[in-house]
Every structure is written in C-alpha cells, then in structure tokens.
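# Observations on the three-dimensional arrangement
Chain by chain, the residues:
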Amino acid sequence: APALPGGLADYAAQATALLPPGPAAYFLRGAGAEDTCRANLRDLEAIRIWPRALAPIAGGHTRLTLLGQSLDAPMLVAPMAYLRVLDAGGEAGVAAAATAQGLGMCLSAQAGQPMEAVRDVGPACRWMQLYWQAGRAPTMALAERAARAGFTALVLTVDAPVNGIRDAEIASGFALPDGLRAVNLDGLPQPQFAPLQDRESLLFDRVAHVLPDWEDVAWFCANAPLPVLLKGILHPDDATQAVKTGAAGIIVSNHGGRVLDGAPSAIAALPGVVAQVGGAVPVLMDGGIRRGVDVFRALALGATAVLIGRPVCHGLAVAGALGVSHVLRLLRDELEVTMALAGCRTLDDITADCIQPPTLSGSCSSAG
Ligand code: HOC
C-alpha cells in the first residue's frame, strides 16, 4: 500500500493536487474573493503561544464531556455535505475514523447516506446538523427522526439563509455526480415559489418570505426532542439572542468562509461571543483549524471544542477513512504536544494567559 502523507500540510497539498477542479473548488475554496477564508487562517496564525518551562504535566490528558458525550479530545468533525464526492466511503467512513480517534462528529443534513446508517458505525456521530426546512413541521420532522435514530444533539445552521456566491466553484463547473443527493431530506417538502414578476428579486421577494426568524428558532429550541446548538453565530448580540432563545450551545463560525465573504474570521469573533455568553452554554468554533496548535489557540480564547472541516476533506480525498483517521490522530498529537510545551496538563489549563493577547482585526463588540 502507498505510504500515507507524513503530516497535515502534506495531506492538504496532496488533496489539492489530486482532486479534479470541481470537487477541489467545492470542498477546498470559499465565497467571493475568499477574503474570509484567508482571514480564518491568518488570524489563527497570528496568535502566539507562550512556552512554559518545567511545568508539571504528568497525568495530563485532553478528555472532556460535551453535552453528555465523552470525547478523547476537544474536536468534532464538522458537518460537510456530499462527502462521497471525495471517497466512496463517504460519511460512514468519516464516522469510523472519528470513532477510532475517540472524537465526535456532526452529520450534515446534506449527507449522501442515511443518518441511521452513519449512526450505526460507532459512537462518534451523534450530532445532526440541519437547515430550516420549508416550515416548522418539516424542520421538526427531521429533528424527530434524528432523535429516533439515537442522535443526541441538533445543530441548526443559521448563517446561510442563502448560499454565498462561490466564484471558484462556479468557474469550476462543479456538479454532484449522478445518484448522489441529500437522502435524509427525501420526502420533505421544498418551498414552491410563484413566478417572478418584472423587477422582482428571487431573494427578497420569494426566498426571504420562507426564511426563519428568532421566534421560529425559539419555538424549535423549546419543542425539539434534543438540545439545539446554533451554528454560524459571529456577532456578540446574536450570541446573547441565541442564549435567550434557548440554544444549548453556540458554534462560532463563518461557514468556513463559504457564505459571507468579508465576514470576520471565526477566531476573531470568538472572544466577543464567549464574553457575551458568560459560560451559560458551551461555545464551539470552526473555521481555519488546520493544526493542533490552532485547536489550542481556540481553546485559549474560550472555545470548549472545535469542529474540523477541511483537514477531514484532505484526509478523505487522499486516503479515505484511513486518511481521515490519520489526520485526526495528527491533530490530537499536535494538541498534546502543544499543551505539554505550553505547560498545560488538562484542557482547563488552556486559558488566555497561555497566549499573547491577539490583536485581531475582525473583533466586534456589542457596544457597536
Ligand atoms: C440554503 C443555502 O453547507 C455548503 C453547504 C450549503 C450552504 C448553503 C445553503 O456547501 O457549505
């Protein structure tokens, strides 16, 4: 068998080189000029970590319990659509890899495999992501199916009322392969729009009328059979609203730079959200995590855990489920080594004191 890449950067380089232009653009690129994609990486990289000498770290570990799920490290696979484009094993293969590494996984509503089949793979994949469907009833039907299937949390993505304009993806001509579709949405009603009249906008005059608001989300949080995390919060005021609305957790995210190009980086937005939430619910983040040191940086700024997106795509594209398992293992190893060098025995030791105060461009405060 060919040797696996030696490190995370090798996985990224090999995935970029081997993927055809369409899948490479869909999975690895972002919206617009990709300003936010770059900011996610640059702002993480700008955070310096203090090495600490002679710190007692014996008996340390990276374990935590998150919403009742035991994880060996503070990482979950992020929800990503149509993973079978990258490898025939698809979401089930990724779930096997996350299980092997003792991590969590959030299944995308746009998975190409039934949620029950992915659940059966092992204990990692217990969070189900969803978008608001065409009304309260179909959204709740999806949530109830996830609960029946043994999922333990729902992740409602709120940052993509419409898709971003993805220049690279459009230019590549990416299309899903025949036969691949979001099977878990089969049978759910799709919004029907009347034909546009002169000068009407599809977005403002049709789509906007079926989008959810905070009242819908409050209803969902109150009635859903599982705890609901809101994914795609960046502004501190939205974080406050999310907690008031009954969210069981917040995922600070700009959708990997795939939606609003020009949005602040996730890491820049994280401290504002953490301050506003004040420990009321767990705050997770995703966007730009490429190395174990990035996981450390996010935890130092108050994240309880992070979601891993593109590195999983790299592993899957290069070597299937084995590649994903290896990538996740490398991330775990790097986190452990970073903790050891920074004098942190457990995750609780990773605090803002471990880093140089970042001067991140995208931070915003609720004061305006
Ligand atoms: C209604 C718009 O998560 C992706 C998916 C789809 C996001 C847009 C949904 O490709 O990032």
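Residues numbered from 1 in each chain as written. Predicted model: local features only at pLDDT ≥ 70, side-chain atom pairs only at ≥ 80, totals over all residues. Heavy atoms only, no water.

## A short note on the pattern of salt bridges
In this structure the tally under the stated criterion is 13 salt bridges. Between D216 and R136 there is a salt bridge, and its shortest N-O distance comes to 3.0 Å. Of the two residues, D216 is situated in helix α9 (residues 214-223) and R136 in helix α6 (residues 136-148); the sequence distance between them amounts to 80 residues. A salt bridge links R329 to D333; the shortest N-O distance between them is 2.9 Å. One end of the pair, R329, and the other, D333, are both in helix α13 (residues 310-341), 4 residues apart, so they sit about a helical turn from each other. When its relative accessible area of 28% is taken as the criterion, R329 is described as partly exposed. (Salt bridge = Lys/Arg side-chain N within 4 Å of Asp/Glu carboxyl O. Helix = DSSP H or I, 4+ residues; strand = E, 2+ residues; numbered from the N terminus. Buried < 20%, exposed > 50% of the residue type's maximum accessible area, 1.4 Å probe, protein only.)

## Side note on the nonpolar core
Ranked by size, the top nonpolar core spans 113 residues in total, and within it L154, F220, V252 and M285 carry the most contacts. Counting residues per element, this core draws most heavily on α13, at 11 residues. (Core = buried A, V, L, I, M, F, W, Y, C linked by side-chain atoms within 4.5 Å.)

## Some points on the layout of surface pockets
Estimates place the volume of the second largest pocket at around 380 Å³. Forming the boundary of the second largest pocket are 22 residues, of which L28, L41, R290, R310 and H314 lie nearest the centre. Looking at the lining of the second largest pocket, the elements with two or more residues in it are α1 (8-18), α3 (35-45) and α13. In terms of residue class, the lining of the second largest pocket is built from 9 nonpolar, 7 polar and 6 charged. (1 Å grid on protein atoms, 1.4 Å probe; cavity = no way out; pocket = protein on both sides within 12 Å on 5 of 7 lines; lining within 4 Å. Points joined across faces, edges and corners; volume = space filled by probe spheres on them. Nonpolar A, V, L, I, M, F, W, Y, C, P; charged D, E, K, R; others polar.)

## Some thoughts on helix α2 (residues 21-28)
The element α2 is largely enclosed, with a buried count of 7 among its 8 residues. Among the residues making up α2, those that are buried are G22, P23, A24, A25, Y26, F27 and L28. Residues of α2 that are buried sit in contact with α1, α7 (167-172) and α13. (Contact = heavy atoms within 4.5 Å.)

## What to know about the packing of aromatic side chains
Per the counting criterion, the structure on display carries 3 aromatic pairs. For the pair Y26 and F174, a centre-to-centre distance of 4.8 Å together with 15° between the ring planes defines the contact as stacked. Note that Y26 is positioned in helix α2 and F174 in the loop between α7 and α8 (202-205), a separation of 148 residues in sequence. Judged by its relative accessible area of 18%, F174 is buried. For the pair W132 and F220, a centre-to-centre distance of 6.1 Å together with 80° between the ring planes defines the contact as edge-to-face. (Phe/Tyr/Trp six-rings, centres within 6.5 Å; stacked < 30°, edge-to-face > 60°.)

All we've got here are geometric facts, nothing functional implied.
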